[in-house]
Amino acid sequence: QVSLVESGGGLVQAGGSLRLSCAASGTIFSINAMGWHRQAPGKQRELVALITSEGRMNYADSAKGRFTISRDNGKNTVYLQMNMLKPEDTAVYYCNADGQFTDRPYVTRHWGQGTQVTVSS
């Protein structure tokens, strides 16, 4: 059983900053990529940023230059530093972990429960 617990969401004014954290725990053989997606009301879930175990990062265009993803492999934790927030960043943010979580050699994706980020104008 794998659990991903997010924290750090909240209400912030436009131009402000928030830092999201997500810690994975439970049965973990290995984690490849960890990342963040978001889903705004009435919209599909979309990628925000991903980081591999080697530190390679991938950002959505909307996040480039404003958001920074980082990871502590020893703690199975991923972070998302969000600066210069805009009202259009308002969404539920979900973390994901892609890896091997059983003794079977398959990579699966697990999700956190989501944390609300609201940016007021």
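Everything here concerns the structure above.
None of the values given here were measured: they were computed from a predicted structure.

Draft legend 1. Quick look at the sheet that holds strand β8 (residues 77-82). Spatial strand order, β1-β3-β8-β7: 4 strands in an open sheet with antiparallel pairing. Looking at which strands have only one partner, the edges of the open sheet turn out to be β1 (2-7) and β7 (67-72). With direction set aside, neighbouring strand axes in the sheet form an average angle of 15 degrees. Here β7 pairs with β8 via 6 bridges, running antiparallel. Within β8, the residue paired with I69 across the bridge is L80.

Draft legend 2. Seen up close, the environment of Y94. Relative to the helices and strands, Y94 is located in strand β9 (residues 91-100). Taking the C-alpha atoms as reference, Y94 lies 9.8 Å from L20; in sequence the two are 74 residues apart. In contact with Y94, other than residues within four places in its own chain, are E6, G35, W36, H37, Q39, R45, W111, G112, Q113 and G114.

Draft legend 3. How the structure looks around the side chain of E6. Within the element layout of this structure, E6 appears in strand β1. For the buried E6, which has no salt bridge, the nearest side chain bearing the opposite charge is R45, at an N-O separation of 7.7 Å. Separated by 2.7 Å, the side chain of E6 and the backbone nitrogen of C95 make a polar contact. Among the polar contacts made by the side chain of E6, one reaches the main-chain amide nitrogen of Q113 at a distance of 3.1 Å. Among all residues touching E6, those that are not within four sequence positions of it are S21, C22, W36, Y93, Y94, C95, G112, Q113, G114 and T115.

Draft legend 4. Structural context of the state of the cysteines. Using the criterion set out here, one finds 1 disulfide in the structure. Across the disulfide from C22 sits C95; the S-S distance is 1.9 Å. You can see C22 sitting in strand β3 (residues 18-26) and its partner C95 sitting in strand β9, a full 73 residues away along the chain. Neither C22 nor C95 differs from the other in exposure class; each is buried.

About the thresholds
- Residues numbered from 1 in each chain as written.
- Predicted model: local features only at pLDDT ≥ 70, side-chain atom pairs only at ≥ 80, totals over all residues.
- Heavy atoms only, no water.
- Pairing = 2+ DSSP bridges.
- Helix = DSSP H or I, 4+ residues; strand = E, 2+ residues; numbered from the N terminus.
- Axes fitted to C-alpha atoms, helices over the stretch in contact; angles between N-to-C directions.
- Contact = heavy atoms within 4.5 Å.
- Buried < 20%, exposed > 50% of the residue type's maximum accessible area, 1.4 Å probe, protein only.
- Lys, Arg positive; Asp, Glu negative; His and termini not counted.
- Salt bridge = Lys/Arg side-chain N within 4 Å of Asp/Glu carboxyl O.
- Polar contact = N/O pair within 3.5 Å; in protein donor to acceptor, adjacent residues only side chain to side chain.
- Disulfide = S-S within 2.5 Å.

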